[in-house]
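Structure at a glance
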Amino acid sequence: MTLRIHNTLTRALEHFLPLEPGHVRMYVCGMTVYDLCHLGHARSMVAFDVVQRWLKASGYRVTYVRNITDIDDKIIKRSLENGETVRGLTDRMIDALHQDADALDIERPTHEPRAMDYVPQMLSMIGTLQAKGLAYQASNGDVNYAVRKFADYGKLSGKSLDELQAGERVAVDDGKHDPLDFVLWKSAKTSEPDEVKWASPFGAGRPGWHIECSAMSCEMLGQSFDIHGGGADLQFPHHENEIAQSEGASGKPMARVWMHNGFINVDNEKMSKSLGNFFTIRDVLKEFDAETARFFVVRSHYRSQLNYSDVHLNDARGALKRLYTALGTVTPDAVTIDWAEPHAARFKAAMDDDFGTPEAVAVLFELAGEVNRTQSSQTAGLLKALGGVLGLLQDAPQAFAQAGARVDEDAIQAHIADRAAAKAIKNFAEADRIRNDLLTQGIILKDSPTGTTWERG
């Protein structure tokens, strides 16, 4: 079975073959770095991390580009509020982004371009669009894209121009010829710092949001490439506008396949700061270990809506614990995956069917059951190797059992020592009290002939 991917552009499941044999070029829209990454960012980063891992496991060379938006209205506003430079704010937030992504075992993309470094390429594309009659300079100095002059506008979202215009209004002073037109270049404002003003043929200013991805993807992957990805919220208008810019400038298809991961809800409501249900990755990692958070995302299909709650995270930890428990009963062999082996073949079939991680995870549980029955080191090795394809099961089982929010390990060991001393003098009531006290803190003690160990409940 060859890889099939659901293409948002065609609304169909399609067999995938890269433009260049053996080499996949993929662009995914990254973060606007004015604040810490939230759960929605985690969903997208993990989803496309799994995509690029599976492409590599399938034998492809992958050039994976995930951009960073480091110039934006929100960034400028936040930097002024904080009394720091835009560069200082974005450098700090990029460091935090990398820390959060590393915690979730998200592999770094091949390239991570920052918008500020590609303004010349953006200006070149804007100039091309203007020369082709697809862009114009408005009376307020902004340069706008003339949406109605691009015949295919709406093909990604499936929206007609009349449907789109029904919800649009033109600001009195924005200078647009049409309410659907969008900005390519923003004229400089006196209230904005000099570090976000560039000289251009259109006057001093800065790029609009949409143009950066068109310019950077073209520069790093070419005018046409294989996969463009991002969250479902980016399908319109961001990705629709990217197509208009890129294809309007080059006359060639931008990306062959468009992939969009589903929304994340919190307790069945859309995550929103206004609703007070907004969580950063760091909020989650205060309560749950990073691999549980990753597993929570991976075991759902990337296109499905994902509902976050403590109940679901606890369930994910319990499920992942069952896999680690199997690996803790026998030392896994170092295994090179034989994709003809029945379990591996089912795993591959699942992943080749639009990255079907729920079915792939089900194979892991089948293998865990076999490990428990047979105590086979080879089967345990295959379980660990297939888990690794998804970025899972690479820790020592005991390390996973103790992972999570910070605890005072020295204090736990002191309690274990006190309990051992109580047992030695046959004060079993005190020993039971210590065990139960730890249990109320979510710490489970396990006795064995070699001593007592602990893990989280």
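Definitions and cut-offs
Residues numbered from 1 in each chain as written. Predicted model: local features only at pLDDT ≥ 70, side-chain atom pairs only at ≥ 80, totals over all residues. Heavy atoms only, no water. Salt bridge = Lys/Arg side-chain N within 4 Å of Asp/Glu carboxyl O. Helix = DSSP H or I, 4+ residues; strand = E, 2+ residues; numbered from the N terminus. Buried < 20%, exposed > 50% of the residue type's maximum accessible area, 1.4 Å probe, protein only. Pairing = 2+ DSSP bridges. Arc of directions from axis to C-beta. Contact = heavy atoms within 4.5 Å. Polar contact = N/O pair within 3.5 Å; in protein donor to acceptor, adjacent residues only side chain to side chain. Axes fitted to C-alpha atoms, helices over the stretch in contact; angles between N-to-C directions.

One pass over the full model with this rule turns up 30 salt bridges. Notably, a salt bridge pairs Asp105 with Arg53, separated by 3.5 Å at the nearest N-O pair. With Asp105 in the loop between α3 (86-103) and α4 (119-131) and Arg53 in helix α1 (residues 39-57), this pair connects stretches of sequence that are 52 residues apart. By relative accessible area, Asp105 is classed as partly exposed at 36%. Taking the relative accessible area as the measure of exposure, Arg53 reaches 11% and is therefore buried. The closest approach of N and O atoms between Glu247 and Lys155, which form a salt bridge, is 2.8 Å. Here Glu247 is found in helix α7 (residues 235-250), whereas its partner Lys155 is found in the loop between β6 (143-145) and α5 (161-165), with 92 residues between them in sequence. What makes Lys155 partly exposed here is its relative accessible area of 29%. Several salt bridges converge on common partners, so that one network encompasses Asp49, Arg53, Lys56, Asp105, Glu107 and Arg294.

To continue, consider the pairing of strand β1 (residues 4-7). As defined by bridge partners, β1 adjoins strand β2 (residues 12-15) across four bridges and the pair is classed as antiparallel. Residue Arg4 lies in a different strand from β2, and its bridge partner there is His15. The loop that links β1 with its antiparallel partner β2 comprises four residues; one of these, Arg11, has a positive phi angle of about 60°.

What follows deals with the sheet that holds strand β12 (residues 269-270). Backbone hydrogen bonds hold the strands of a sheet together, and the pairing may be parallel or antiparallel. If you trace the three strands from one edge of the open sheet to the other, you get β12-β11-β13, paired in mixed fashion. Of all the strands in the sheet, the pair left with one neighbour each is β12 and β13 (306-308). Bridging between strand β11 (residues 264-266) and β13 involves three bridges; their strand directions are parallel. Each bridged residue has a counterpart across the sheet, and for Ile264 the counterpart in β13 is Leu306.

The next thing to look at is helix α2 (residues 73-82). Here α2 has its buried residues at Ile75, Ile76 and Ser79. For α2, the arc enclosing every buried residue in end-on projection is 100°, short of the 170-degree limit, so these residues lie on one face. Where α2 is buried, its residues meet α3 and β8 (205-207). Its side-chain oxygen at 2.7 Å from the backbone nitrogen of Lys74, Asp72 defines the N-terminal cap of α2.

It is worth spelling out the pairing of strand β7 (residues 182-187) at this point. Extensive coverage of β7 is indicated by the burial of five of its six residues. Both β6 and β7 contribute to a ladder of three bridges, which runs antiparallel. Looking across to β7, one finds that Asn144 is bridged to Val183. Bridge count for β7 against β8 is three bridges, and the pairing is antiparallel. Residue pairing for β8: Ser187 is matched across the bridge by Gly205.

On to the sheet that holds β7, then. Strand order in this open sheet of four strands is β5-β6-β7-β8, and the pairing throughout is antiparallel. Looking at the sheet topology across the chains shown, the edges are occupied by β5 (135-137) and β8. With strand direction ignored, the average angle separating the axes of adjacent strands in the sheet is 20°. The sheet strands contacting α4 are β5, β6, β7 and β8, and the helix crosses β7 at an angle near 120°.

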